[in-house]
Amino acid sequence: MISIHNEPQPTDLGDVRVANRAVVLRHVRLHAPCSRADIAAATGLNKATVSSLVTELLDRRLVRETGLTGNRVGRPATMLVLDGAPYAALGLQVGADDLVVVAVDLGGNRLLTWRRAFPAPTASPAETVRALVTLARRAIGRVTGQGRTVLGLTVGVPGLVDTAGGVPLASGLGWRDVPLAADLRAALRETGFTVAVDTDANLAVLAEQRHGGYAAATDLVHLTGGISVGAGVLAGGRLLRGGRGHAGELGHLCLDPAGPPCPCGRRGCLAASTALPAVVDRLLPDAGRDGPVTDYLPELDRIVASARQGDPAVLAGLAEIGRHLGHGASILANLLNPEAIVVGGHFATLAPWLLPAARIELAARTLAPQAGGCRLEASTLDSAAAALGGAAAALATIEAGRLPTA
Ligand SMILES: [Zn+2]
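Note on numbering: residues in each chain are counted from 1, in written sequence order. Two thresholds apply to this predicted model, a pLDDT of at least 70 for residue-level local features and 80 or more for giving and counting side-chain atom pairs, whereas whole-chain, interface and lining totals are computed over all residues. Excluded from the side-chain calculation are hydrogens and water; included are all heavy atoms of the structure.

Caption draft 1: Geometry of unusual backbone geometry. Each neighbour pair has its own omega, and for alanine 32 with proline 33 the value is -5°, a cis peptide bond. Numbering of helices and strands runs from the N terminus; a helix is a DSSP stretch of H or I covering at least four residues, while a strand is a stretch of E covering at least two. By the element assignment, proline 33 lies in the loop between helix H1 (10-31) and strand E1 (34-35). The phi dihedral of asparagine 337 falls on the positive side, at around 50°, and the residue is not glycine. Along the polypeptide, asparagine 337 turns up in the loop between helix H10 (312-336) and strand E14 (340-343). With a phi close to 55°, alanine 371 is a non-glycine residue in the positive phi region. Of note, alanine 371 is situated in the loop between helix H12 (351-365) and strand E15 (375-378).

Quick look at the structure:
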């Protein structure tokens, strides 16, 4: 039996107010400075509603007044801009050889970026959780010491993340069935804010959407480079997650059945030839002589130095890796027709040598002319893209119209 409730419930009225609040906040974020009348005219909300919502947002210091403007027809109006200075959101990421934490305020200003060397691929999940918690606590201490309220914290990991924030598999880290969000919440105890986990690729593309070179794009992919290779996909302006949240595992598409073994147990995956450990193995055969590489930054510097000096073996190796990258990008271009694929991590560092070959491969393997208009570029965000996106994700509840609880 199907029952239909048509009468508006009190919660529905609350939801309308939340939705209207989100509309007002979004307008101020995109069009500040603007007046209450501007907001009403642009959003179609009536003036009394806008006025009441703005009063509430002023009370919570989510927006502030900047004075009057006389540069317009009619009466001078009080202009509004986004404030959010009393609030901070945190993002963390687990990298190949480091952990990063970023804090931003509601206006998107970066309050801190801290990087800590940490060998996550050789550490146990429990050790990684402890290190993440230590780093998070320090960042929480810093921003709360500045009088700010933390709105939320999101951690990006290079692997599969389920809807409960667990990590069923992160082959680059050697993780299987790690209840990461639950472990973090237990270790951080009563935080009073949301603690979430997502893939580093999903968070990185959120950072691109907000801070990157293609911020206005609605169809965009960020391809992570690091211990793993993953695609964060925006399609029609929305993050593509798939049924269980496992979309975007481009790194484990098989490009060559006879290719090298991959940490996932298969053979010839894109990650097996282009992820950071594979790149270091391929270009610096001596790097693993004294045991597994745990600090990738010096190795990456060596590759860049050799490429700059025109070392023919390194240049040929980079071009080959670039062709694999372009092959992977062509799958995205054929399937999704994005405006751009931006590459991060070591792909961005090595972009001058990888992308020329990758672009040729992309165009050759994409059915649509000119690769369907898809540009292949290095990310303009630094290697903290996923952490930055984690902070952006933590702001999303406020931007969706929920008021901070503090
Ligand atoms: Zn694989």
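Caption draft 2: Spatial organisation of empty space enclosed by the protein. Grid spacing is 1 Å over the protein atoms alone, the probe is 1.4 Å, and a cavity is where that probe fits but cannot get out, while a pocket is an open set with protein on both sides within 12 Å along at least five of seven lines and lining residues have an atom within 4 Å of a point. Grid points are joined across faces, edges and corners, and a volume is the space filled by probe spheres set on the points. Here the structure, examined in full by the defined rule, presents 2 cavities of 30 Å³ or more. Within this model, the largest cavity holds a volume of roughly 100 Å³. Taken together, 13 residues line the largest cavity, and the ones lying closest to its centre are Gly159, Asp200, Ala201, Gly230 and Glu249. Amino acids are sorted into nonpolar (Ala, Val, Leu, Ile, Met, Phe, Trp, Tyr, Cys and Pro), charged (Asp, Glu, Lys and Arg) and polar (every other residue, Gly among them). Looking at the lining of the largest cavity residue by residue, the classes come out as 5 nonpolar, 6 polar and 2 charged. Residue lining of the second largest cavity: Asp219, Leu220, Val221, Val233, Leu234, Ala235, Leu336 and Pro338, and that is the complete set.

Caption draft 3: Quick peek at the coordination of the zinc ion. Atoms of type N, O and S within 2.8 Å of a metal are treated as its donors, and for Na, K and Ca the window is 3.2 Å; water is not considered, so some sites may appear to be missing partners. Looking at the zinc ion, the protein donor atoms are His252 (ND1), Cys262 (SG), Cys264 (SG) and Cys269 (SG), and they sit 2.0 to 2.4 Å from it. One can describe the site at the zinc ion as tetrahedral: its 4 donor atoms subtend angles covering 106 to 119° at the metal. Mapping the donors of the zinc ion onto the primary sequence gives the spacing H-x9-C-x1-C-x4-C. Of this pair, histidine 252 sits in the loop between strand E13 (238-239) and helix H7 (270-274) while cysteine 269 sits in the loop between E13 and H7, placing them 17 residues apart in sequence. According to the relative accessible area criterion, histidine 252 is partly exposed, its value standing at 23%. Each label reflects the angles at the metal, where four donors whose angles all fall between 85 and 135 degrees are tetrahedral, four or six donors whose opposite pairs open beyond 155 degrees and whose other angles stay between 65 and 115 are square planar or octahedral respectively, and the rest are irregular. Buried, partly exposed and exposed residues are distinguished by accessible area as a fraction of the type maximum, computed with a 1.4 Å probe on protein chains only: under 20%, between the cut-offs, and over 50%, respectively.

Caption draft 4: Expanded view of the pairing of strand E9 (residues 175-178). Summarising the sheet, strand E8 (residues 167-170) and E9 pair through 3 bridges and their orientation is antiparallel. Paired with alanine 170 across the bridge in E9 is tryptophan 175. The rule for pairing is simple: two strands pair if DSSP sees at least two bridges between them.

Caption draft 5: Local environment of helix H8 (residues 276-283). Looking at H8, one finds that the buried residues are Leu276, Ala278, Val279, Val280 and Leu283. Against H7, helix H9 (296-308), H10 and helix H11 (345-349) lie the buried residues of H8. Here, two residues are considered to be in contact whenever any of their heavy atoms come within 4.5 Å of each other.

Caption draft 6: Summary view of the side chain of serine 171. Tracing the backbone shows serine 171 in the loop between E8 and E9. Apart from residues no more than four positions distant in its own chain, serine 171 is found in contact with His252, Pro263 and Cys264.

Caption draft 7: Examining the UniProt feature "domain: HTH marR-type" (unreviewed entry) in the chain more closely. Per the UniProt entry, the sites bearing "domain: HTH marR-type" (unreviewed entry) are residues 23-65 in this numbering. Secondary structure content for residues 23-65 is 70% helix and 12% strand, while the C-alpha to C-alpha distance between its ends is 18 Å. UniProt positions are given in the numbering used here, feature names are shortened, and annotations may be inferred rather than shown by experiment.

Caption draft 8: How the structure looks around the nonpolar core. Of all hydrophobic cores here, the largest spans 81 residues; its most connected members are Leu153, Val155, Val157, Leu180, Leu184, Leu223 and Ile303. Of the residues forming this core, the biggest block, 9 residues, is contributed by helix H4 (residues 125-145). Residues enter a nonpolar core if they are buried and are Ala, Val, Leu, Ile, Met, Phe, Trp, Tyr or Cys, with the set joined through side-chain atoms within 4.5 Å. In this structure, Val100, Leu106, Ala204 and Ala384 belong to the second largest nonpolar core, which totals 33 residues.

Caption draft 9: The packing of aromatic side chains, seen in detail. Planes of paired rings set the category: under 30 degrees apart is stacked, over 60 is edge-to-face and the rest tilted, where pairs are Phe, Tyr or Trp rings (Trp by its six-membered ring) whose centres lie within 6.5 Å. Tallied over the entire structure, the rule returns 0 aromatic pairs. Cation placement over rings: the criterion is NZ of Lys or CZ of Arg within 6 Å of the ring centroid and within 35° of the ring normal. It is arginine 138 that lies over the ring of tryptophan 114; its NZ or CZ is 4.7 Å from the centre.

Caption draft 10: Structural context of the sheet that holds strand E5 (residues 98-105). Reading across from one edge, E6-E5-E4-E7-E10 is the order of the 5 strands in this open sheet, with mixed pairing throughout. The sheet terminates laterally at strand E6 (110-117) and strand E10 (194-199), the two strands that pair on one side only. Ignoring strand direction, the axes of neighbouring strands in this sheet form an average angle of 15°. For helices, the fitted line uses only the C-alpha atoms of the stretch in contact; every axis is such a line through C-alpha atoms, and the angle between N-to-C directions lies from 0 to 180 degrees. This element, helix H6 (residues 200-211), spans strand E7 (149-157) and E10 of the sheet and lies at about 100° to E10.

Caption draft 11: Looking closely at the sheet that holds strand E11 (residues 220-223). On the basis of which strands lie adjacent, the open sheet formed by 5 strands has the order E13-E12-E11-E14-E15 and mixed pairing. Edge positions in the open sheet fall to E13 and E15, since each of these has one partner strand only. Sheet topology places E11 next to E14; 4 bridges connect them, and they run parallel. Considered in E14, the bridge of valine 221 is made with isoleucine 341. Seen against the sheet, H12 touches E14 and E15 and runs at an angle of roughly 170° to E15.

Caption draft 12: The arrangement of the packing of H4 against helix H5 (residues 180-188) in detail. Interaxial distance between H4 and H5 falls to 10 Å at its minimum, and their mutual angle equals 50°. Taken together, the axes of H4 and H5 are oblique relative to one another. Between H4 and H5 the crossing geometry is right-handed. Of the residues in H5, those touching H4 at Val129, Leu132, Val133, Ala136, Arg137 and Ile140 are Leu180, Asp183, Leu184, Ala187 and Leu188. Put simply, angles under 35 degrees are roughly parallel, angles over 145 are roughly antiparallel, angles from 65 to 115 are roughly perpendicular, and the rest are oblique. A crossing counts as left-handed when the near helix is turned anticlockwise from the far one by less than a right angle, and as right-handed when that turn is clockwise.

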